[in-house]
Amino acid sequence: MDEWIAWARGETIKGEMDYTPHLVALLIVVGSWLWAYVEYLWKIFDLYVDPLTTLANENKLITPQKLKIIFPASLSTILATNETLLEKLRKRIKRPRHSTEIADVFLDMAPFLKCYTAFLNQFDESQQMYTQCIKDSKFKRFVNEKPSDARLDSLLIMPVQRIPRYVLLLKELLKHTEPTHRDFKDLKAAVEALESIGSHLNHSKKLMDNLNRVMEIERMLGIEHAHARRLIKEGELITDGKKHSCFLFNDAFIAARKRKVAFVTDWRFTIHLPIQQVMVFVNDSLTIQKSGTIGKNQISYSFQGTGLDQWEKEISSACDVAANSTLQLE
């Protein structure tokens, strides 16, 4: 990392200065960000994949099948791609500063960034399996023994968080690069090349936005974080004459209302059911019933509001997906 900063500051080789101070700062950001990213990717393998592979081969702690789901093969490709990108950039900074261009490196690597697609397609399944495995006390202890800056759930989500940053960083570099600069043409082409895989980037952003909203709701309601949880729908519905904030996740349905007690705001839960226990009906109102409860023991709530048919459709779909899940836990 020091060599990158030294180059950006002009300390490596004296030469003609054609970079603005702002651009120099951006180049430091690009280098430090990529360097740190590769190091974090290596932590996944050094702290988790390699030791868990040894244990799995000895029939301890985790099976090889579960290991492959949590750590898909696309992770190795992502690591190799970013190591190659970093190495190409490191070779470039060995040149005199006034003759160094870096945009073509990103341009050449752009097609390889599609390797993230496979990881994104497997991400939900990976998170679901991790959620199951972490329930095992031995596996949980193995994970918790690792350094606080190397939490497995944080490391696994890192590739999802990083994808949009390629475009953002290159756009920022382009913004502060003069059209007459040798790097301008390739930099512009690199941005266009990355934007051409916009569907992959959009998927990543939508997934990241959803994960952030889920964690925001969990903190707000004071409920335990679930790694595989996704938000499907949220909105306000009325029951017993009171407005409730309703949240439909892929693993639960929650209806709660905010209240203030001694100047402190908290949430009172009316419904907090695992999705597998939810039954839903709609006529003049939306009825949520806990499955398996009948007669005097029946637990059900009727909601009024707008879009009841859509709520019923989304809840029914979530229930069907949960009931027909083909994830093998053995």
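Definitions and limits used
- Residues numbered from 1 in each chain as written.
- Predicted model: local features only at pLDDT ≥ 70, side-chain atom pairs only at ≥ 80, totals over all residues.
- Heavy atoms only, no water.
- Pairing = 2+ DSSP bridges.
- Helix = DSSP H or I, 4+ residues; strand = E, 2+ residues; numbered from the N terminus.
- Axes fitted to C-alpha atoms, helices over the stretch in contact; angles between N-to-C directions.
- Contact = heavy atoms within 4.5 Å.
- Salt bridge = Lys/Arg side-chain N within 4 Å of Asp/Glu carboxyl O.
- Buried < 20%, exposed > 50% of the residue type's maximum accessible area, 1.4 Å probe, protein only.
- Polar contact = N/O pair within 3.5 Å; in protein donor to acceptor, adjacent residues only side chain to side chain.
- Core = buried A, V, L, I, M, F, W, Y, C linked by side-chain atoms within 4.5 Å.

### Regarding the sheet that holds strand β7 (residues 300-303)
Move 1: Strand order in this open sheet of three strands is β5-β6-β7, and the pairing throughout is antiparallel. Lying at the two open borders of the sheet, with one neighbouring strand each, are β5 (278-282) and β7. Across the sheet, the mean angle from the axis of one strand to that of its neighbour is 20 degrees, orientation sign disregarded.
Move 2: Sheet topology note: the β5/strand β6 (residues 286-290) ladder contains five bridges and is antiparallel. Each residue of the ladder has a partner; that of Val 282, found in β6, is Leu 286.
Move 3: Those strands touched by helix α11 (residues 308-323) are β5, β6 and β7, and its axis lies near 150 degrees from that of β5.

### Quick notes on the sheet that holds strand β3 (residues 252-261)
Strand pairing in a sheet relies on backbone hydrogen bonds. The paired strands run either parallel or antiparallel.
Move 1: With antiparallel pairing, four strands are arranged side by side in an open sheet as β1-β2-β3-β4. The open sheet has two edge strands, β1 (231-239) and β4 (264-274), and neither has a second partner. Adjacent strand axes in the sheet meet at a mean angle of 25 degrees, parallel and antiparallel pairs treated alike.
Move 2: With respect to the sheet, α11 is in contact with β1, β2 (242-249) and β3, its orientation differing from that of β1 by roughly 135 degrees.

### Focus: the pattern of salt bridges
Move 1: Tallied over the entire structure, the rule returns ten salt bridges.
Move 2: Arg 229 is paired through a salt bridge with Glu 218; the nearest N and O atoms lie 2.7 Å apart. One end of the pair, Arg 229, is in the loop between α10 (198-221) and β1; the other, Glu 218, is in helix α10, with eleven residues separating them in the sequence. As far as burial versus exposure is concerned, Arg 229 and Glu 218 are alike and both buried.
Move 3: One salt bridge connects Glu 236 with Lys 243, and the closest N-O pair in it is separated by 4.0 Å.
Move 4: Look at Lys 243 and you get exposed, because its relative accessible area is 56%.

### Notes on the side chain of Asp 153
Move 1: Within the secondary structure, Asp 153 is located in helix α8 (residues 152-175).
Move 2: A distance of 3.0 Å separates a polar atom in the side chain of Asp 153 from a polar atom in the side chain of Arg 151.
Move 3: Among all residues touching Asp 153, those that are not within four sequence positions of it are Tyr 130 and His 227.

### Notes on the nonpolar core
Move 1: Counting 63 residues, the largest nonpolar core has Phe 71 and Phe 139 as its most contacted members.
Move 2: By residue number, the principal contributor to this core is helix α2 (residues 21-57), which donates 13 residues.
Move 3: Residues in contact with Phe 139, not counting those within four places in the same chain, are Leu 52, Leu 61, Ile 62, Ile 70, Tyr 130, Cys 133 and Ile 134.
Move 4: Counting 18 residues, the second-largest nonpolar core is a separate cluster that includes Leu 248, Val 278, Leu 286 and Phe 303.

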